[in-house]
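# Overview (structure and organization)
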Amino acid sequence: MLKIENLHYTYEDGTPALNGIDLEIAQGEFLAILGANGSGKSTLIKHLNGLYHPTLGRVLLDGKPIERVEDKEIFSRIGIVFQDPNDQLFASTVEEDVAFGPTNMGLGPEEVKERVHRALHLVEMQDYGRKAIHALSHGQKKRICVAGVLAMEPQVIILDEPTAGLDPVSVHSLMHLLEDLNKKERITMIMATHVVDLVPLFMSRIAILHKGQVLRFGSPEEVFADPQAIEKAQLHLPLVAELMHVLKSKDHVKLHHIPLTVGEARREILRLLSVQEMISRV
Ligand code: ADP
Ligand code: MG
């Protein structure tokens, strides 16, 4: 659906932020763009809806260079949630803000009302329609940003560090919402983050960004099987994987594979315990 070819981008002050990115994003997937601060995540994202123009290379939407796709089509198909909700929200009330996109698409007032209602429901903010934007908490503002994008009924939602500044409960409820939208509504999700522990729980594929290049690309199992690459990217392994690596390399525990989540680790530990028990019975 989205294809990025040899993408380079240098800022006006000479900073080479992207240095040859190749990436293909298929419909329906949940892709993590994982990278340390300054690795180029935000710069990459701004190319995916035509906001930035590549210094070299190109972005294709269904095979067509994105600069040749009309703005209106891009904005109705690809929704972006920026890192700071204050960059995104500008109407005075929640309803007005969520209505902005669909109204601009030229939809009639009934349809707009319907979409606003539906979007607020999806993010569980249906009781906040009349609330002033400035009176919302940071986490609520983030949900309204997601609602604003949902009201456009896009095929792709791109989120830039959506969990930044949220408490742990809000992080998980936002991630579960994104997972639902991906699985039930079939919306393609692309999420930039540096929070490695979230990735194996929710994402099907990962692109590790380092100095404006894709250092690794693959499933969480593939990507996290390479601790050296993770270190080079100034990231760390998911904590569960770190523990399992130590058990394997230092304590010579015979693991079948390196679990990445608590659930997988639990299964592996129970398996090992049952083997132990069988040995002790013999
Ligand atoms: P990330 O989102 O992964 O933290 P960014 O895409 O924001 O990374 O930044 C990539 C690189 O581009 C960094 O070196 C950063 O300092 C630089 N950069 C970002 N925005 C600008 C800008 N407006 N002008 C100059 N350099 C920038
Ligand atoms: Mg960023």
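Every value quoted in this text rests on a predicted model; they were computed, and no experiment measured them.

## A word on the overall build of the protein
For the protein, the count of helices and strands is 11 helices and 10 strands. C-alpha extents for the protein along the principal axes are approximately 75 × 45 × 30 Å. Every one of the 282 residues in the protein was classed for burial, and the buried ones make up 49%. Here the protein has roughly 14,500 Å² of accessible surface; of this, 52% comes from carbon and sulfur atoms. For the protein, the separation between the mean place of its 30 positive charges and that of its 38 negative charges on side chains is 4 Å.

## Overview of the packing of aromatic side chains
Across all of its chains, the model carries four aromatic pairs by this definition. A ring pair is formed by Phe 90 and Phe 100, whose centres lie 4.9 Å apart and whose planes are at 80 degrees; its orientation type is edge-to-face. With Phe 90 in the loop between β6 (78-81) and α3 (94-104) and Phe 100 in helix α3, the pair connects residues that are 10 residues apart, well separated along the chain. Judged by its relative accessible area of 41%, Phe 100 falls in the partly exposed class.

## Some thoughts on the sheet that holds strand β2 (residues 16-25)
The strand order across the open sheet built from four strands is β2-β1-β4-β5, with neighbouring strands paired in antiparallel fashion. Looking along the sheet, the strands with just one partner apiece sit at the ends: β2 and β5 (64-65). Of the pairings in the sheet, the one linking strand β4 (residues 56-61) to β5 comprises two bridges and is antiparallel in character. Within β5, the residue paired with Leu 60 across the bridge is Pro 65.

## Here's the deal with the sheet that holds strand β10 (residues 213-218)
Two modes of strand pairing occur in sheets, parallel and antiparallel, and in both the strands are linked by backbone hydrogen bonds. Read across the open sheet, the six strands follow the order β6-β7-β8-β3-β9-β10; overall the sheet is mixed. A single partner strand is all that each edge strand has here, and the edge strands are β6 and β10. Pairwise comparison of adjacent strand axes, ignoring direction, gives a mean angle of 15 degrees for this sheet. When β6 meets strand β7 (residues 156-160), the two strands line up parallel, connected through four bridges. Residue pairing across strands places Ile 78 opposite Val 156, the latter belonging to β7. Relative to the sheet, helix α5 (residues 138-150) contacts β6 and β7, its axis offset from that of β6 by approximately 170 degrees. Contacting β3 (30-35), β7 and β8 (188-193), helix α6 (residues 168-183) runs over the sheet at an angle of about 150 degrees to β8.

## A word on the nonpolar core
Membership of the largest hydrophobic core comes to 57 residues, with the highest contact counts inside it found for Val 98, Ile 144, Met 175, Ile 208 and Phe 224. Structurally, this core is a two-domain feature, drawing no fewer than three residues from each of domain 1 (2-88 + 155-234) and domain 2 (238-282). Each residue touching Ile 208, except ones within four places of it in the same chain, is listed here: Leu 34, Gln 213, Val 214, Leu 215, Arg 216, Val 223, Ile 230, Ala 233 and Leu 235.

## Considerations on the domain arrangement of the protein
Its domain assignment divides the protein into domain 1 (2-88 + 155-234) and domain 2 (238-282). One C-alpha centre belongs to domain 1, the other to domain 2, and the line joining them spans 32 Å. Counting residues at the interface gives eight residues for domain 1, matched by six residues for domain 2. Approximately 590 Å² of surface area, both sides summed, lies buried where domain 1 meets domain 2, with 72% of it carried by carbon and sulfur atoms.

## Quick notes on the site of ligand 1
Around ligand 1 sit Tyr 11, Asp 13, Thr 15, Ala 17, Ala 36, Asn 37, Gly 38, Ser 39, Gly 40, Lys 41, Ser 42 and Thr 43, and that is every residue in its neighbourhood. Take Lys 41: an N or O atom from its side chain is 2.9 Å from an oxygen atom of ligand 1. A distance of 2.9 Å is found between an oxygen atom of ligand 1 and a side-chain nitrogen or oxygen belonging to Ser 42. Coverage of ligand 1 by the protein amounts to 63% of the 560 Å² it exposes when considered alone. Ranked by the residues each element gives to the shell around ligand 1, the list is headed by helix α1 (residues 41-45), at three residues. Looking at the shell around ligand 1 residue by residue, the class counts come to three nonpolar, seven polar and two charged.

Conventions we followed
Residues numbered from 1 in each chain as written. Chains lettered and ligands numbered in written order. Predicted model: local features only at pLDDT ≥ 70, side-chain atom pairs only at ≥ 80, totals over all residues. Heavy atoms only, no water. Helix = DSSP H or I, 4+ residues; strand = E, 2+ residues; numbered from the N terminus. Buried < 20%, exposed > 50% of the residue type's maximum accessible area, 1.4 Å probe, protein only. Areas by Shrake-Rupley, 256 points an atom, 1.4 Å probe, with all protein chains shown as cover. Lys, Arg positive; Asp, Glu negative; His and termini not counted. Charge placed at Lys NZ, Arg CZ, Asp CG, Glu CD. Phe/Tyr/Trp six-rings, centres within 6.5 Å; stacked < 30°, edge-to-face > 60°. Pairing = 2+ DSSP bridges. Axes fitted to C-alpha atoms, helices over the stretch in contact; angles between N-to-C directions. Contact = heavy atoms within 4.5 Å. Core = buried A, V, L, I, M, F, W, Y, C linked by side-chain atoms within 4.5 Å. Domains from an automatic or database assignment. Buried area = accessible area lost by both parts, 1.4 Å probe. Near = heavy atom within 4 Å. Polar contact = N/O pair within 3.5 Å; in protein donor to acceptor, adjacent residues only side chain to side chain. Nonpolar A, V, L, I, M, F, W, Y, C, P; charged D, E, K, R; others polar.

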